[in-house]
Amino acid sequence: MQSSKYIILGGGMVAGYAAKEMIERGLRPGQLAIVSADNTVPYERPPLSKGFLAGKDTEESIRINPEEFYGQHGIELKLSCEVAGIDCARKLLHLRSGEDLGFEKLVVATGARVRTLNLPGKDLAGVRYLRSLEDSKTLRTHAASAKRALVIGGGFIGMEVASVLAQKGVSTTMVLPEDRIWKRFFTPAMSGFFESYYRARGVEFLKQAKLAELRGQGAVSSAKLESGATLECDLVVAGIGVLPVTEPLANSGIQMDNGVLVNEYLETSQPHIYAAGDVANYQDTLYGKRRRVEHWDNAVSQGQHCARTLLGERAPFVHVPYFFSDVFDLSYELWGDPADADEIVERGDLSGPSFSVWWMREEQLVAAFTMNRPDEEREAAQRWLAAKVRVSAVKLKDAGSVAEAGPD
């Protein structure tokens, strides 16, 4: 039976960045194996809905490490390899091929899969999702000949895909169940700005609307809404969320609840088994709450953290949640968690593309958004959130610079 000292289950960003970190910290050849259901080496996911989808990035350019990196450093990369189960007591991975792999320490990084539409016509050609490199390749090819697209969902994936499609000359309509775009994070004023920006670039919105049926002879040609309205379309892209991939862990004894439950050290309920990335439901020590984060920065940071842990460094995972996006010619960043804010401060003009938004709870900064703002605002946001500083909302709103507002 084959065995490795360390195994990472999942070949996504956690694996790519953990491998890189471990090599930099002296990992010896033959100590690490990556078991991946994917058919390609670990790659960055953000370009799939941005530069790669737009045709600006190549497959080689979005790889986390060059393809030859793994062989050069004695890392076994088992691609197109599905796991049937885990025996935690015996420290074995059972593969669907019938093979068993032994390990001393394991990182579960199985990621997430897309939520799919459940309605008549959902299996028609032209109904697409965006999660993997193959998804992005297929969507990029389809978009080249598409005339009218519907993007289902008003979150960041929907926003990014709609932006790329519109720039490719595809007539694009966003269909969202909420009354405004990305309601989960944006304030009404922020949603209003982005909706206006998108409309000015040809994107239409259907709000508080839901699909009832997709129609077509083999391929989608129209969509019927619950309101009874019918829209012509030859491409439908659904960005309606993801679900953590936990099936390989069934009956393993690993505790799960909305993903794999881990503590502040990213340790599961089973000894020497960790979880990281989209699948990990971790204890956030900064905010004192559990969270499962489905963004690039979290996967990178938790992959690096697990690498250090595997090599003997035990420390809590302390990290300010971070997200970035590129739409049309705009780039913006968001740090923290605005969910429990009781006060919001805006800086700049929200009718234009340069503003920041600051969320506070009991005068403590809990989240910040910046777009085309001075570097001092970006730096202050990260520093203040990590330090849990108290800030005067009045000063922050009226000060000429955030430095003048300063923490109280």
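Residues numbered from 1 in each chain as written. Predicted model: local features only at pLDDT ≥ 70, side-chain atom pairs only at ≥ 80, totals over all residues. Heavy atoms only, no water.

Asker: What is the right way to read the sheet that holds strand E24 (residues 354-361) from this model?
Answerer: Within a beta sheet, neighbouring strands are joined by backbone hydrogen bonds and run either parallel or antiparallel to one another. Taken in spatial order, the 5 strands make up an open sheet running E21-E22-E25-E24-E23, and their pairing is antiparallel. Two strands in the sheet have a free side with no partner beyond their single neighbour: strand E21 (322-327) and strand E23 (343-349). The mean inter-strand angle of the sheet, taken between neighbouring strand axes irrespective of direction, is 10 degrees. The sheet contact formed by E24 and strand E25 (residues 364-371) spans 7 bridges and is antiparallel. Along E25, the bridge assignment pairs Ser 356 with Thr 370. (Pairing = 2+ DSSP bridges. Helix = DSSP H or I, 4+ residues; strand = E, 2+ residues; numbered from the N terminus. Axes fitted to C-alpha atoms, helices over the stretch in contact; angles between N-to-C directions.)

Asker: Would you mind showing me how to read the packing of aromatic side chains here?
Answerer: To describe a pair of aromatic rings, you give the distance between the ring centres and the angle between the ring planes. Summed over the entire model, instances satisfying the criterion amount to 24 aromatic pairs. With 6.3 Å between their ring centres and 25 degrees between their planes, Tyr 322 and Phe 324 make a pair best called stacked. In this structure Tyr 322 comes out as buried when scored by relative accessible area, which is 17%. Directly above the aromatic system of Phe 52 lies the positively charged group of Arg 140, at a separation of 4.1 Å from the ring centroid. The aromatic ring of Tyr 197 is capped on one face by Arg 201, whose charged end is 3.5 Å from the ring centroid. (Phe/Tyr/Trp six-rings, centres within 6.5 Å; stacked < 30°, edge-to-face > 60°. Buried < 20%, exposed > 50% of the residue type's maximum accessible area, 1.4 Å probe, protein only. Lys NZ or Arg CZ within 6 Å of the ring centre and 35° of its normal.)

Asker: Can you walk me through the packing of helix H1 (residues 13-24) against helix H7 (residues 296-310) in this structure?
Answerer: When two helices pack together, their arrangement is given by the angle between the helix axes and the distance between those axes. Relative to each other, H1 and H7 sit at 40 degrees, their axes nearing to 7 Å. Relative to H7, the element H1 is oriented oblique. For H1 against H7, the interelement crossing comes out right-handed. On H7, the residues touching Met 13, Val 14, Tyr 17, Ala 18, Glu 21 and Met 22 of H1 are Trp 296, Ala 299, Val 300, Gly 303, Gln 304, Ala 307, Arg 308 and Leu 310. Among the residues making up the contact of H1 with H7, the classes are represented as 10 nonpolar, 2 polar and 2 charged. (Parallel < 35°, antiparallel > 145°, perpendicular 65-115°, else oblique. Left-handed = near helix turned anticlockwise from the far one by under 90°. Contact = heavy atoms within 4.5 Å. Nonpolar A, V, L, I, M, F, W, Y, C, P; charged D, E, K, R; others polar.)

Asker: What am I meant to see in the sheet that holds strand E14 (residues 230-232) here?
Answerer: Taken in spatial order, the 3 strands make up an open sheet running E12-E13-E14, and their pairing is antiparallel. Single-partner strands in this sheet number two, and they are strand E12 (211-215) and E14. In this sheet, adjacent strand axes meet at a mean angle of 20 degrees when their direction is disregarded. Taken together, the 4 bridges between E12 and strand E13 (residues 222-225) define a ladder with antiparallel strand orientation. Across the sheet, Leu 214 pairs through a bridge with Ala 223, a residue of E13.

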